[in-house]
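This is what each chain is made of:
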Amino acid sequence: MDELKAKYLEQIAYAADEAALEAIRVAAVGKKGEVSLQMRQLGKMTPEERQVAGPALNALKDEINAALAAKKSALADAALDERLKSEWLDVTLPTRARREGTIHPVSQVTEEVTAIFAEMGFSVAEGPRIDTDWYNFDALNIPSHHPARAEMDTFYMHRAESDDRPPHVLRTHTSPVQIRSMEKSGAPLRIICPGGVYRADYDQTHTPMFHQVEGLAVDRDISMANLKWVLEEFCRAFFEVDNVELRFRASHFPFTEPSVEVDLRCSWQDGTLKVGEGDDWMEILGSGMVHPKVLQAGGIDPDEWQGFAFGMGIDRIAMLKYGIPDLRAFFDSDLRWLRHYGFASLDVPTLRGGLSR
Ligand code: DAH
């Protein structure tokens, strides 16, 4: 028994891995192992011999099992140590350069505009870019004979002769979302809708796809004064100057009455724009009081409710704020341009944290 004990304890001590350990276990205490075979001999012994040999064999078996378990856990610890050494990672290394990808000025300005209007209680609404001519025109008080339809350079969707669905267009402005929002939420209402719009036009300041943001506020006693305050507040925050001055110039849009175009006091010096000073005026948006027919088309009673609306070019105000000269470059996907005019991806615009830096 002493021989068996010495032999197996030594083998266990030198076992290189779990497989070797398992082989030792089978040979020693497995069903046909040496210790088990010895135990089977107990039956042939005299009771006196058995009284000594029985407990001694049991103790040997326990001792071998304990040694196996201890070695097994020692092997596992060693394997873990080995892994920790080989998979070591220096988490204090510096990160990669920050401006690998950038936020496009259109996305940046959309976020800025959204942050400003959110502060004034406007939520963001959306509508489809392919819309019916009813939403894009008729519901906005632009009937089919109206000259505004021709002026818009509309892209019409192709129609098969047999197609009896209403005609669809690529929306020429974000104004159809006014109607969809009124239908969906009713009055009172305060929304902006930023998004892409389409017109067949192409030069330094026009691309066939560009971006607008629509604004709509409907309530019982909304007036031009509210419109003026909201737009001033917006310009002050957006252009990041305290002394903005706006000029309302009488104009005409079919969907507003009265209608105004809004100009911003500014100066141009050596090709740089300064907002809030100087003797120049720059047009930045169209707006007015929502036409009763438009409220009606949206399912809102014009005898009970009134509202203001405005529409502004996102790309245009992005060009003004960030001094970008050519609109066409917005959509060229030229990496050099994107690196130059793009914004750091983690600087999310907020009014408290700063809109841009
Ligand atoms: N939809 C007009 C355009 O695309 C812009 C506009 C003007 C929108 C006046 C309005 C508005 O909501 O009241 O040119």
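Each value, and the rule that gives it
- Residues numbered from 1 in each chain as written.
- Predicted model: local features only at pLDDT ≥ 70, side-chain atom pairs only at ≥ 80, totals over all residues.
- Heavy atoms only, no water.
- Phe/Tyr/Trp six-rings, centres within 6.5 Å; stacked < 30°, edge-to-face > 60°.
- Lys NZ or Arg CZ within 6 Å of the ring centre and 35° of its normal.
- Domains from an automatic or database assignment.
- Buried < 20%, exposed > 50% of the residue type's maximum accessible area, 1.4 Å probe, protein only.
- Helix = DSSP H or I, 4+ residues; strand = E, 2+ residues; numbered from the N terminus.
- Salt bridge = Lys/Arg side-chain N within 4 Å of Asp/Glu carboxyl O.
- Axes fitted to C-alpha atoms, helices over the stretch in contact; angles between N-to-C directions.
- Parallel < 35°, antiparallel > 145°, perpendicular 65-115°, else oblique.
- Contact = heavy atoms within 4.5 Å.
- 1 Å grid on protein atoms, 1.4 Å probe; cavity = no way out; pocket = protein on both sides within 12 Å on 5 of 7 lines; lining within 4 Å.
- Points joined across faces, edges and corners; volume = space filled by probe spheres on them.
- Nonpolar A, V, L, I, M, F, W, Y, C, P; charged D, E, K, R; others polar.

Participant: Would you take a moment to explain the packing of aromatic side chains for this structure?
Facilitator: Any aromatic ring pair is given by two values, namely how distant the centres are and how the planes are angled relative to each other. Overall, the coordinates contain 11 aromatic pairs when judged by the stated rule. Where Trp134 meets Tyr135, the ring centres are 5.0 Å apart and the plane angle is 85°; that geometry is what we call edge-to-face. Counting every residue linked through ring pairs, the aromatic cluster contains Phe117, Phe122, Phe234, Phe238, Phe239 and Phe310. It is Arg328 that lies over the ring of Tyr202; its NZ or CZ is 5.7 Å from the centre.

Participant: Is there a simple way to think about the domain arrangement of the chain in this case?
Facilitator: Accessible area lost upon the coming together of the parts is a frequently used measure of interface size. Under the domain assignment used here, the chain contains domain 1 (2-86) and domain 2 (105-344). Computed from C-alpha atoms alone, the centre-to-centre distance between domain 1 and domain 2 is 84 Å.

Participant: Just checking my understanding: could you explain helix H8 (residues 176-185) for this structure?
Facilitator: Given 3.6 residues per helical turn, the α-helix brings residues three or four places apart onto the same face. Taken residue by residue, H8 has Pro176, Val177, Gln178, Ile179, Ser181 and Met182 as its buried positions. After H8 finishes, the residue Gly186 shows a positive phi value of roughly 65°.

Participant: Hey, could you run me through the pattern of salt bridges in this one?
Facilitator: Oppositely charged side chains can pair when the atoms bearing their charge come close. Here the structure, examined in full by the defined rule, presents 19 salt bridges. In this structure, Arg83 engages Glu87 in a salt bridge whose closest nitrogen and oxygen atoms are separated by 3.2 Å. Salt-bridge contacts for Lys321 lead to Glu112; the nearest nitrogen and oxygen are separated by 2.7 Å. Highlighted residues: Lys321 in helix H11 (residues 314-322) and Glu112 in helix H5 (residues 105-119), separated in sequence by 209 residues. The exposure class of Glu112 is buried, given its relative accessible area of 0%.

Participant: Help me out: how do you make sense of the packing of helix H2 (residues 18-29) against helix H4 (residues 47-86) in this one?
Facilitator: Following both chains from N to C, one finds H2 and H4 inclined at 175°, their axes separated by 10 Å at the closest point. It follows from the interaxial angle that H2 and H4 lie roughly antiparallel. Contacts between H2 and H4 pair Glu18, Leu21, Arg25, Ala28 and Val29 from the former with Lys61, Ile64, Asn65, Leu68, Lys71, Lys72 and Leu75 from the latter.

Participant: Explain the layout of surface pockets to me, please; I cannot follow it from the model alone.
Facilitator: If you roll a probe as big as a water molecule over the atoms, it shows you where there is empty space left. Of the pockets and cavities examined, the largest pocket occupies roughly 1100 Å³. Around the largest pocket sit 41 residues that line it, and Arg199, Phe210, Gln212, Phe253 and Glu283 are the ones nearest its centre. Residues that form the lining of the largest pocket fall into these classes: 18 nonpolar, 14 polar and nine charged. Its boundaries defined by the atoms lining it, the second largest pocket holds a volume of some 270 Å³. The wall of the second largest pocket is formed by 16 residues, among which Leu273, Leu320, Lys321, Tyr322 and Gly323 lie closest to the centre. For the lining of the second largest pocket, the secondary-structure elements that each account for two or more residues are strand E9 (272-275) and H11.

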